[in-house]
Amino acid sequence: MTRRGARGAAIGILALAILGFGVWGTLAVWFRSPLGPALQAPAAVAWALLSLAALAVLLLSSRRWTAVAIYALAIAALLGWWSTIHPSNHRDWAVDVSRPATGEITGNRLVVRNVRNFDWRTEADMTPRWEERSYDLDKLVSVDLYADYWAGEAIAHTIVSFGFADGTYLAWSIELRRRQKQAFSALAGFFKESELIYIAADERDAIRLRTNIRHEDLRLYRLKVPAATARGFLEAYVAEANALAAKPVWYNTLTSNCTTLVFRMAKLVEPGIPFDWRVLLSGYFPAYAYDRGALDTSLPFAELARRSRISQRAIEADDAPQPLFSELLRVDIPGIAPCERCVAGGS
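Residues numbered from 1 in each chain as written. Predicted model: local features only at pLDDT ≥ 70, side-chain atom pairs only at ≥ 80, totals over all residues. Heavy atoms only, no water.

Counting 42 residues, the largest nonpolar core has Phe162, Leu170, Trp172, Leu234 and Tyr237 as its most contacted members. Ignoring anything within four residues of it in the chain, the contact list for Phe162 reads Leu140, Ser142, Val143, Thr168, Tyr169, Leu170, Trp172, Ala230, Phe233, Leu234 and Tyr237. (Core = buried A, V, L, I, M, F, W, Y, C linked by side-chain atoms within 4.5 Å. Buried < 20%, exposed > 50% of the residue type's maximum accessible area, 1.4 Å probe, protein only. Contact = heavy atoms within 4.5 Å.)

In structure tokens, the structure reads:
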């Protein structure tokens, strides 16, 4: 490559870097402005203009290296500020994410504190209940995957529910920890907008909220995992929840969300599980699990997905108490044995 060609390549790389930092910095300042809401927009515009000026000088002026040096100092200052933004467990939290779950395992006994068991009437009107529950790990009999579709087929919220021989279920939901009156934004989730929280919940709370209150499309799959793997998976949830309660971390829309963290914990139990793009596009995660043989494969996946839909069933079971509510959700789900009480319509 000639000297002129090398210089052109260097300028091209620098131009892309300035463009990238320009977009990222503008959004970072917009979502996390250190100057307060009143100066949020002016600060973001100022960074965008600075980036455009640096790009123009780089491409059009002989003083390009001076511009690059000045912009590099600006980037260093921006990154220095960014590094000072730390997650916290102490904010004015929305009531449904106000208490993180923690657990303690002694022998075969698991005690989980702050199990959410809300009675939801609307998203804004509920009776809060936080409970301490005990589970016998020797009686862990099933692991189920819920995929909650709320924004098309590519995106789904993942809930993992552990079933016990006495008919109880412990549902784990890894969520964005919202502050009071905070609206969800997938874009803001890239910019330290919210912390993570591990919610442990009764299924009637976690599932009914999404089906009967929000009217979202939930699909239920039985995971085919050995007993030792199921227990290891549950213990991984408990360990991660305890660590998060002690030291908060940021939610990230792409790299640290409900599905990527489930996959990470699964790898702790089964290290050989390969990564797949469907982990990032969480709506396709059940298809990935199917291809790995972790779901019922007696049916084509399209038919399995059709039969997994449980939202209408949950609506029809709205008045059913536990454990009947959970049992009714599982009627005719492939891979799950029929429940005599559910078929008979008993209570």
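Moving on from the coordinates now.
Any two aromatic rings considered together are summarised by their centre-to-centre distance and by the angle between their planes. Under the definition given, this model contains 17 aromatic pairs. Measuring from centroid to centroid gives 5.2 Å for Phe118 and Trp130, while their planes differ by 80°, and the two rings are edge-to-face. In this pair, Phe118 is assigned in the loop between strand E2 (109-116) and strand E3 (119-120) and Trp130 in strand E5 (residues 130-136), connecting sequence segments 12 residues apart. Judged by centre distance (5.9 Å) and plane angle (40°), the rings of Phe285 and Tyr288 are tilted. Of the two residues, Phe285 and Tyr288 are both situated in helix H7 (residues 285-291); the distance of three residues between them amounts to about one turn of the helix. Each member of the pair Phe285 and Tyr288 is classed as buried. One aromatic cluster is present, built from ring pairs that chain together Trp24, Phe31, Trp81, Trp82 and Phe191. Directly above the aromatic system of Phe118 lies the positively charged group of Arg116, at a separation of 5.6 Å from the ring centroid. Sitting above the plane of the Tyr149 ring, Arg219 keeps its charged end 3.9 Å from the centroid. (Phe/Tyr/Trp six-rings, centres within 6.5 Å; stacked < 30°, edge-to-face > 60°. Helix = DSSP H or I, 4+ residues; strand = E, 2+ residues; numbered from the N terminus. Lys NZ or Arg CZ within 6 Å of the ring centre and 35° of its normal.)

Time to look at the side chain of Ser311. Tracing the sequence through the fold places Ser311 in helix H9 (residues 311-316). With residues up to four places along the chain from it excluded, the contact list for Ser311 reads Thr211, Glu216, Asp217 and Leu218.

The periodicity of an α-helix, 3.6 residues per turn, causes residues three or four positions apart to be oriented the same way. With 20 residues, helix H5 (residues 227-246) extends 29 Å from end C-alpha to end C-alpha; this agrees with the ideal 28 Å at 1.5 Å per step. Taken together, the buried positions of H5 are occupied by Thr229, Ala230, Gly232, Phe233, Leu234, Ala236, Tyr237, Val238, Glu240, Ala241 and Leu244. (Expected span 1.5 Å × (residues − 1).)

In summary, the side chains of a regular strand alternate between the two faces of the sheet. In terms of burial, strand E7 (residues 156-164) is largely enclosed, as nine of its nine residues are buried. Covered by surrounding structure in E7 are Ala156, Thr158, Val160, Phe162 and Phe164 together with His157, Ile159, Ser161 and Gly163, the residues of both alternating faces. Sheet topology places strand E6 (residues 140-149) next to E7; nine bridges connect them, and they run antiparallel. The residue bridging Val143 from the neighbouring strand is Phe162, located in E7. Adjacent in sequence and paired antiparallel, E6 and E7 are bridged by six residues, among which Gly152 carries a positive phi angle near 90°. Hairpin connection from E7 to strand E8 (residues 169-177): four residues lie between these consecutive antiparallel strands, with Gly167 at a positive phi of about 90°. (Pairing = 2+ DSSP bridges.)

Its place among the elements puts Lys192 in the loop between E8 and strand E9 (195-201). This buried residue, Lys192, is left without a salt bridge; Glu195 holds the nearest opposite charge, at 10 Å. In this structure the side chain of Lys192 is engaged in a polar contact, spanning 2.8 Å, whose partner is the backbone oxygen of Trp82. Non-local contacts of Lys192, meaning those with residues more than four positions away in its chain, are made with Arg32, Trp82, Ser83, Ile85 and Trp250. (Lys, Arg positive; Asp, Glu negative; His and termini not counted. Salt bridge = Lys/Arg side-chain N within 4 Å of Asp/Glu carboxyl O. Polar contact = N/O pair within 3.5 Å; in protein donor to acceptor, adjacent residues only side chain to side chain.)

Take the pattern of salt bridges next. The full count for this structure, using the stated rule, is 24 salt bridges. With a shortest N-O distance of 2.9 Å, Arg116 and Asp205 are connected by a salt bridge. With Arg116 in strand E2 and Asp205 in helix H4 (residues 203-213), the pair connects residues that are 89 residues apart, well separated along the chain. Owing to a relative accessible area of 1%, Arg116 belongs among the buried residues under this scheme. Classification of Asp205 as buried rests on a relative accessible area of 0%. For Asp276, the salt bridge identified is with Arg278, shortest N-O distance 2.9 Å. A relative accessible area of 16% places Asp276 in the buried class. Connected through shared salt-bridge partners, Asp144, Glu203, Arg222 and Arg330 make up one network.

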